[in-house]
Amino acid sequence: MKFVSTRGNAPAVSASEAILQGLAPDGGLYVPTYFPQLEMRILANTSSYGELAYEVLAPFFEGDVLEGELAEICMEAFDFPLPIHWHNAKEAVLELYWGPTAAFKDFGARFLAIAMQRLLQKRDQKLTILVATSGDTGGAVAAAFHQRAGIGVKVLYPQGKVSQRQEKQLTCWGDNIEAYSVDGVFDDCQKMVKEAFMDSSLVEEWGLSSANSINLGRLLPQVVYAFYTALEVFHQTGAVPTLIVPSGNVGNSCGTYWAKEMGAPIKQIVLALNANRSVLDYIENGQFEKRNSIATLANAMDVGNPSNMERLMHLYNGWEAFKSEVSAYSVSDELILETIAKVWHEKNYVICPHTATGEYVRGQLTEEGPTVVYATAHPAKFETIVEPIVGHSIPIPPQLALLLDKESYVKNIGVNYKELF
Ligand SMILES: *Cc1c(COP(=O)(O)O)cnc(C)c1O
C-alpha cells in the first residue's frame with residue numbers, strides 16, 4: 001500500500017515513510033491510494049481490540065517495514081478499555097477517554113509514538129519532537145512518548161492559560177519530556193515552534209520533528225474505533241448506526257469517514273462543531289474559508305482552520321459530493337451547558353463540554369436507528385465547567401489521578417525559541 005499527497009505533487013510513500021515525514025513535501029497530507037475493503041466476518045471473529053486493530057490496519061502496512069511488527073504495536077498501543085455506554089436501546093456513547101490522559105487523543109498519540117520508536121531504532125536515528133499546546137494534545141503526546149528511547153519531546157504551553165489539571169499532564173513526566181511554560185499566549189508558542197523548524201541548523205542538529213494531528217500515524221487508529229463501534233452496535237441491535245463526532249481539526253471524523261469507505265457498517269456520520277463553524281459554512285455555501293478561532297467551553301475544538309479538512313475535501317471530490325456525505329451542526333456555549341444539564345438529569349450520565357456538542361446534535365436528528373456519540377474526553381478534565389452543573393464533584397479516573405499526584409518539572413521561558421535549546 002502506498003500513500004500520496006492530497007496536493008498530488010509528492011512521490012508515493014509507504015505508511016512508515018508517511019509517519020516519519022508528517023507533512024508531505026508538497027505541503028499536502030498523506031492519504032491512501034485506495035481504500036481496502038475489509039471482510040466483516042474476519043473482523044467479527046477477533047477476540048480483542050488489539051487484534052481488531054491489527055486486522056483493520058494490516059492492509060495499510062502491506063509491504064511496509066513495520067508490517068511484521070504491526071500486531072505487537074497494536075497490542076501495546078491499545079491496552080486500555082473502550083466501553084460503549086447505552087443510555088437506552090437506541091442511544092449509545094463511545095467512551096474514548098480511558099487512556100493515560102483521559103481523552104481520545106491517547107489512541108493516536110500512543111500508536112504514533114510506538115511506531116516512531118521502532119522506526120528510529122531500525123535507522124539508528126534520534127529525534128526531538130516539538131509540540132505547542134493549548135491543552136489536550138501536549139499531554140497525550142508527552143504521555144505517549146515518555147521514556148521512549150531515542151526520542152526527546154519539548155512541550156510548549158502558554159503560562160497561566162491552561163487549567164491546573166491540564167498543566168499537570170504536561171509537566172509531570174521528566175526524563176525525556178521537557179515542559180516549557182512560555183511567558184506569552186498559545187500563538188506565541190506556535191510561532192516559536194515554526195521559527196525553530198525554519199532554523200535549518202537546529203533541525204539538522206536536533207532531528208526536529210512534529211507529532212501533530214495531520215500525521216498519518218495519529219489518524220489510522222481513529223479508523224479502528226469507528227469499525228469497532230459500528231460492528232458492536234450492529235451485532236447488538238441488528239441495525240447500522242449513525243455516528244456523531246465532536247470535531248475541531250476533523251481528524252477524528254476523517255478517520256470515521258475512512259472506516260465507512262472501507263466498508264464499516266455506518267449509516268451516516270454527523271459532525272458536531274462548537275461556534276467554530278467553518279466546515280458547516282462550507283457545506284452551506286460552497287466556500288471554504290479559514291477563520292480565526294473562537295474561544296468556547298469545548299476548547300479542544302476551538303479551530304478556525306481545521307487541518308484535516310484537506311483530507312476530507314480530497315475524499316469527496318467537489319462541493320456537491322462533499323455536502324451529500326458530510327453533515328454538521330454548530331453548537332453554542334449556551335447549548336453546551338444546557339445539554340450537560342439535560343443529559344445529567346434525564347440520563348444520569350456526566351459528559352464533558354465536547355461530548356455535549358455531540359449529545360445536542362443527537363437531539364436534533366430524526367433518526368430511527370441506533371446513534372452513537374463519541375465521548376472525546378472524561379468530564380473530570382473539565383471539572384470547573386461540569387461540576388457546578390451536576391452539583392457534585394466528579395471522581396477523577398485512576399489513570400489521571402496518578403498523574404495529578406506526581407511532581408512537576410517545568411522551565412519558565414520568554415517568547416524566544418532559542419531558549420528551548
Ligand atoms: C482534539 C479534541 C477534539 C477534536 O478532535 P479533532 O480530531 O481535532 O476534530 C474533540 N474533543 C476533545 C476532547 C479533543 O481533545
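Scroll up to find the structure.
Owing to the predicted nature of the structure, the values given are computational and were not obtained by experimental measurement.

1. Brief notes about the overall build of the protein
Then comes step 1: When helices and strands are tallied, the protein shows 18 helices and 13 strands.
Then comes step 2: The C-alpha radius of gyration computed for the protein amounts to 20 Å, which stays within 12% of the reference 22 Å derived for 421 residues, consistent with globular compactness.
Then comes step 3: Its C-alpha atoms give the protein principal-axis dimensions of roughly 60 × 50 × 45 Å.
Then comes step 4: A buried classification covers 58% of the 421 residues belonging to the protein.
Then comes step 5: Of all intrachain contacts in the protein linking residues separated by at least 6 positions in sequence, the fraction that spans at least 24 positions is 74%.
Then comes step 6: As displayed, the protein offers around 16900 Å² of accessible surface, 48% of which is attributable to carbon and sulfur atoms.
Then comes step 7: The positive charge centre, built from 32 side chains, and the negative charge centre, built from 48, are 2 Å apart in the protein.

2. Structural notes on the packing of aromatic side chains
Then comes step 1: What the rule picks out here adds up to 17 aromatic pairs.
Then comes step 2: When the ring of Y257 is compared with that of Y316, the centres are 5.8 Å apart and the planes differ by 80 degrees; the resulting orientation is edge-to-face. Placement of Y257 in helix 11 (residues 251–261) and of Y316 in the loop between helix 13 (309–315) and helix 14 (319–325) is noted, with a sequence separation of 59 residues between them. In terms of burial, Y257 and Y316 fall into one category: buried.
Then comes step 3: Its end group placed over the ring of W319, K323 keeps NZ or CZ at 3.8 Å from the ring centre.

3. What about the packing of helix 4 (residues 70–77) against helix 5 (residues 105–123)?
Then comes step 1: It is the contact of helix 4 with helix 5, at a shortest axis distance of 9 Å, that shows an interaxial angle of 140 degrees. One way to sum up the angle between helix 4 and helix 5 is to call them oblique. Pair helix 4 / helix 5 crosses with right-handed handedness. Counting all contacts with helix 4, which are made through L70, E72, I73, C74, E76 and A77, the residues of helix 5 involved are R110, F111, I114, A115 and R118.
Then comes step 2: Residues that form the contact of helix 4 with helix 5 fall into these classes: seven nonpolar, no polar and four charged.

4. Some points on the packing of helix 6 (residues 136–145) against helix 7 (residues 164–171)
Then comes step 1: At a minimum axis separation of 8 Å, helix 6 and helix 7 run at an interaxial angle of 30 degrees. Taken as axis vectors, helix 6 and helix 7 run roughly parallel relative to one another. Our pair here, helix 6 against helix 7, has a crossing hand that is left-handed. Taking contact as the criterion, the partners of D136, G138, G139 and A142 in helix 6 are, on helix 7, Q166, Q169 and L170.

5. What to know about the nonpolar core
Then comes step 1: Ranked by size, the top nonpolar core spans 103 residues in total, and within it V56, L57, F61, F145, F227 and W258 carry the most contacts.
Then comes step 2: Residues contacting L57, with those up to four places away along its chain left out, are L70, C74, F111, L220 and V224.
Then comes step 3: Membership of the second largest hydrophobic core comes to 29 residues, among which are V270, A298, V361 and V390.

6. Some details on the sheet that holds strand 12 (residues 371–375)
Then comes step 1: Pairing is mixed across the open sheet formed by six strands, whose spatial order is 3-4-12-9-10-11. In the strand order of this sheet, the two ends are held by strand 3 (84–86) and strand 11 (327–330), each with one partner. Direction aside, the axes of adjacent strands within the sheet are offset by 25 degrees on average.
Then comes step 2: Pairing analysis gives five bridges linking strand 9 (residues 242–246) to strand 10 (residues 268–273), with the strands arranged parallel. Along strand 10, the bridge assignment pairs I244 with V270.
Then comes step 3: Packing against the sheet, helix 10 (residues 216–237) makes contact with strand 3, strand 4 (91–95), strand 9 and strand 12, and its axis sits at approximately 40 degrees to strand 3.

7. Description of helix 10
Then comes step 1: Counted at 1.5 Å a residue, the expected span for helix 10 with its 22 residues is 32 Å, and the 32 Å between its end C-alpha atoms agrees.
Then comes step 2: Of all 22 residues that make up helix 10, 17 are buried, and the element is covered over most of its length.
Then comes step 3: By the N-cap criterion, in which a side-chain oxygen at the helix start approaches the backbone nitrogen of a residue two or three places on, helix 10 is capped by N215, the distance to G217 being 2.7 Å.
Then comes step 4: Directly beyond the C-terminal end of helix 10, a positive phi value near 75 degrees is found at G238.

8. Some details on helix 15 (residues 333–347)
Then comes step 1: Look at helix 15: 21 Å from first C-alpha to last across 15 residues, which is about the 21 Å you get at 1.5 Å a residue.
Then comes step 2: I336, T339, I340, A341, V343 and W344 are the residues of helix 15 that are buried.
Then comes step 3: Count one or two residues on from helix 15 and you reach N348, which has phi positive near 60 degrees.

9. Section: the pattern of salt bridges
Then comes step 1: This model, assessed by the stated rule, comprises 20 salt bridges.
Then comes step 2: The partner of R7 in a salt bridge is E310, and the shortest N-O contact between them spans 2.8 Å. Here E310 lies in helix 13 and R7 lies in the loop between strand 1 (3–5) and helix 1 (15–21), a separation of 303 residues in the sequence.
Then comes step 3: By relative accessible area, R7 is classed as partly exposed at 46%.
Then comes step 4: With a relative accessible area of 24%, E310 lands in the partly exposed category.
Then comes step 5: Here K342 ties to E346 by a salt bridge, and the two come within 3.7 Å at their closest N and O atoms. You can see K342 and its partner E346 sitting in helix 15, four residues apart, about one turn around the helix.

10. Overview of the site of the ligand
Then comes step 1: In the vicinity of the ligand there are 15 residues, among which K105, G248, N249, N252 and T376 approach most closely.
Then comes step 2: G251 is positioned with one of its backbone polar atoms (N or O) 3.2 Å from an oxygen atom of the ligand.
Then comes step 3: One of the side-chain nitrogen or oxygen atoms of T376 is found 2.8 Å away from a nitrogen atom of the ligand.
Then comes step 4: For the ligand, whose free accessible area comes to 380 Å², the fraction covered by protein is 97%.
Then comes step 5: Residues that form the shell around the ligand fall into these classes: six nonpolar, seven polar and two charged.

Criteria and cut-off values
Residues numbered from 1 in each chain as written. Predicted model: local features only at pLDDT ≥ 70, side-chain atom pairs only at ≥ 80, totals over all residues. Heavy atoms only, no water. Helix = DSSP H or I, 4+ residues; strand = E, 2+ residues; numbered from the N terminus. Rg over C-alpha atoms; globule rule 2.2 N^0.38 Å. Buried < 20%, exposed > 50% of the residue type's maximum accessible area, 1.4 Å probe, protein only. Contact = heavy atoms within 4.5 Å. Areas by Shrake-Rupley, 256 points an atom, 1.4 Å probe, with all protein chains shown as cover. Lys, Arg positive; Asp, Glu negative; His and termini not counted. Charge placed at Lys NZ, Arg CZ, Asp CG, Glu CD. Phe/Tyr/Trp six-rings, centres within 6.5 Å; stacked < 30°, edge-to-face > 60°. Lys NZ or Arg CZ within 6 Å of the ring centre and 35° of its normal. Axes fitted to C-alpha atoms, helices over the stretch in contact; angles between N-to-C directions. Parallel < 35°, antiparallel > 145°, perpendicular 65-115°, else oblique. Left-handed = near helix turned anticlockwise from the far one by under 90°. Nonpolar A, V, L, I, M, F, W, Y, C, P; charged D, E, K, R; others polar. Core = buried A, V, L, I, M, F, W, Y, C linked by side-chain atoms within 4.5 Å. Pairing = 2+ DSSP bridges. Expected span 1.5 Å × (residues − 1). Polar contact = N/O pair within 3.5 Å; in protein donor to acceptor, adjacent residues only side chain to side chain. Salt bridge = Lys/Arg side-chain N within 4 Å of Asp/Glu carboxyl O. Near = heavy atom within 4 Å.

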